Amino acid sequence: NAGVTQTPKFQVLKTGQSMTLQCAQDMNHEYMSWYRQDPGMGLRLIHYSVGAGITDQGEVPNGYNVSRSTTEDFPLRLLSAAPSQTSVYFCASSDWGGLTNTGELFFGEGSRLTVL
Amino acid sequence: GNSVTQMEGPVTLSEEAFLTINCTYTATGYPSLFWYVQYPGEGLQLLLKATKADDKGSNKGFEATYRKETTSFHLEKGSVQVSDSAVYFCALSANSGGSNYKLTFGKGTLLTVNP
C-alpha cells in the first residue's frame, strides 16, 4: 500500500519563486492536511480539507494556498517563497468525520524545502 | 484554546533503562490523546492512543494512561532499546463541535538510547 505520497522530497528555491508540493493518498480518506515542522516548534497546521471542494485554514496559513478537487490529491502552493518558509512539510490524511471521530493521522515522509 | 505541553529534550538513556516522557494538556470538551513517533528521516506514525479518561493506550512496550484529574498522558516504557531512538510527540484531538478536525501537537521530545 502506498499510503500518503509526497513529492518532491527535497527542493531548493530562490526568494520569490513559486512551487507546488504534491500530496496524494490512496486510502479514500476524506480528511487531508498540511503541517510544517520547524526545530523547537513542533508541528503546526497550515491548511486542511474535510472533503473535495472544502478547505480551511490552520494555525499558520499565510503564504500558502491549497485546493481539493479530488479526494486523492491535496497540493500545497507557495506563491512567492520567502526564507521563513524554509521547513519540512508533512501531508497527512485521516478517515475523520463527525463529532465523535478519533481517527488516526497517516503521514507522508515529508518534503524538505529550502528558500534562499 | 487547546494546547499540549511535553517535557523538553533531548533525553539520553542507556539501553534497558526506564523511560518517562511527560505530557500535559489543556482542552475544552473531552479530548482524545495520542502519542506519535518520528524515526529519523521519516514521517510521524501513531504509537498509541486513548479516547476517554482512565483508558490506557499501549503498543510496542510503550504505555500511557489518560488522567483527566491531572490532565496528563505520560509516556512510559520499562526497558528501552536502541531502536526506540526517535522524536516523540504528544497530541490531542478535541471532541467539541466543528473543531474536531485538528490535532494539536506538543513540540516533540528527542530520545536517544545508547547501547
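Scroll up to find the structure this text is about.
Rules behind the numbers
Residues numbered from 1 in each chain as written. Chains lettered and ligands numbered in written order. Predicted model: local features only at pLDDT ≥ 70, side-chain atom pairs only at ≥ 80, totals over all residues. Heavy atoms only, no water. Helix = DSSP H or I, 4+ residues; strand = E, 2+ residues; numbered from the N terminus. Rg over C-alpha atoms; globule rule 2.2 N^0.38 Å. Buried < 20%, exposed > 50% of the residue type's maximum accessible area, 1.4 Å probe, protein only. Pairing = 2+ DSSP bridges. Axes fitted to C-alpha atoms, helices over the stretch in contact; angles between N-to-C directions. Disulfide = S-S within 2.5 Å. Contact = heavy atoms within 4.5 Å. Salt bridge = Lys/Arg side-chain N within 4 Å of Asp/Glu carboxyl O.

### Quick look at the overall build of chain B
For chain B, the helix and strand inventory stands at 0 helices and 12 strands. Its helices and strands taken in sequence order, chain B reads β-β-β-β-β-β-β-β-β-β-β-β from the N to the C terminus. Over its C-alpha atoms chain B spans a radius of gyration of 14 Å, differing by no more than 12% from the 13 Å that the globule rule assigns to 115 residues. Principal axes of the C-alpha set define a box for chain B whose edges measure 45 × 30 × 20 Å. Taken over 115 residues, chain B has a buried fraction of 43%.

### Description of the sheet that holds strand E9 (residues 75–77) of chain B
All names here are of chain B. The sheet built from 4 strands is open, its strands ordered E3-E9-E8-E7 with antiparallel pairing. Sheet topology places strand E3 (19–21) and strand E7 (56–59) at the edges, where each strand pairs with a single neighbour. Averaged over all adjacent pairs, the angle separating strand axes in this sheet is 15°, with direction ignored. As defined by bridge partners, strand E8 (residues 62–65) adjoins E9 across 3 bridges and the pair is classed as antiparallel. Of the residues in E9, the one forming a bridge with Phe 62 is Lys 77.

### Quick word on the pairing of strand E5 (residues 42–51) of chain A
All names here are of chain A. Burial of E5 is extensive: 9 of the 10 residues sit out of reach of the surface. Pairing of strand E4 (residues 31–38) with E5, which is carried by 7 bridges, proceeds in the antiparallel orientation. Looking across to E5, one finds that Gln 37 is bridged to Leu 43. Here E4 folds back onto E5, and the loop between the two strands holds 3 residues, one of which, Gly 40, carries a positive phi near 75°. Pairing between E5 and strand E6 (residues 54–57): 3 bridges, direction antiparallel. Across the sheet, the residue bridging to Gly 51 is Ile 54, located in E6.

### Things to note about the state of the cysteines
Scanning the model with the defined rule gives 2 disulfides over all chains in all. Each sulfur of the disulfide joining Cys23(A) and Cys91(A) lies 1.9 Å from the other. Given an S-S torsion of about -75°, the disulfide between Cys23(A) and Cys91(A) has left-handed geometry. Linking Cys23(A) in strand E3 (residues 19–25) with Cys91(A) in strand E9 (residues 87–94), this pair joins segments that are 68 residues apart in sequence. One exposure class covers both Cys23(A) and Cys91(A), and it is buried. Two residues, Cys23(B) and Cys90(B), share a disulfide whose sulfurs are 1.9 Å apart. The disulfide joining Cys23(B) to Cys90(B) has a torsion of about -70° about its S-S bond and is therefore left-handed. Of this pair, Cys23(B) sits in strand E4 (residues 23–26) while Cys90(B) sits in strand E10 (residues 86–95); the two residues are 67 residues apart in sequence, bridging distant segments of the chain. The class for Cys23(B) is buried, based on a relative accessible area of 0%. Under the relative-accessibility criterion, Cys90(B) is labelled buried at 1%.

### Things to note about the environment of Phe18(B)
Residues and elements named next belong to chain B. Mapped onto the fold, Phe 18 is located in the loop between strand E2 (11–14) and E3. Spatially, the C-alpha atom of Phe 18 lies 30 Å from that of Tyr 30, the residues being 12 residues apart in sequence. When near neighbours in sequence (up to four residues on either side) are disregarded, Phe 18 contacts Leu 13, Glu 76, Lys 77 and Gly 78.

### Digging into the pattern of salt bridges
Residue and element names in this part refer to chain A. What the rule picks out here adds up to 6 salt bridges over all chains. Between Lys 9 and Glu 109 there is a salt bridge, with the nearest N and O atoms lying 3.8 Å from each other. A residue pair is termed long-range when its members are at least 10 positions apart, and Lys 9 in the loop between strand E1 (4–7) and strand E2 (10–13) and Glu 109 in the loop between strand E10 (106–107) and strand E11 (111–115) qualify at 100 residues. Residues Asp 38 and Arg 36 are paired through a salt bridge, measuring 2.8 Å at the closest nitrogen-oxygen approach. A single burial state applies to Asp 38 and to Arg 36, both of which are buried.

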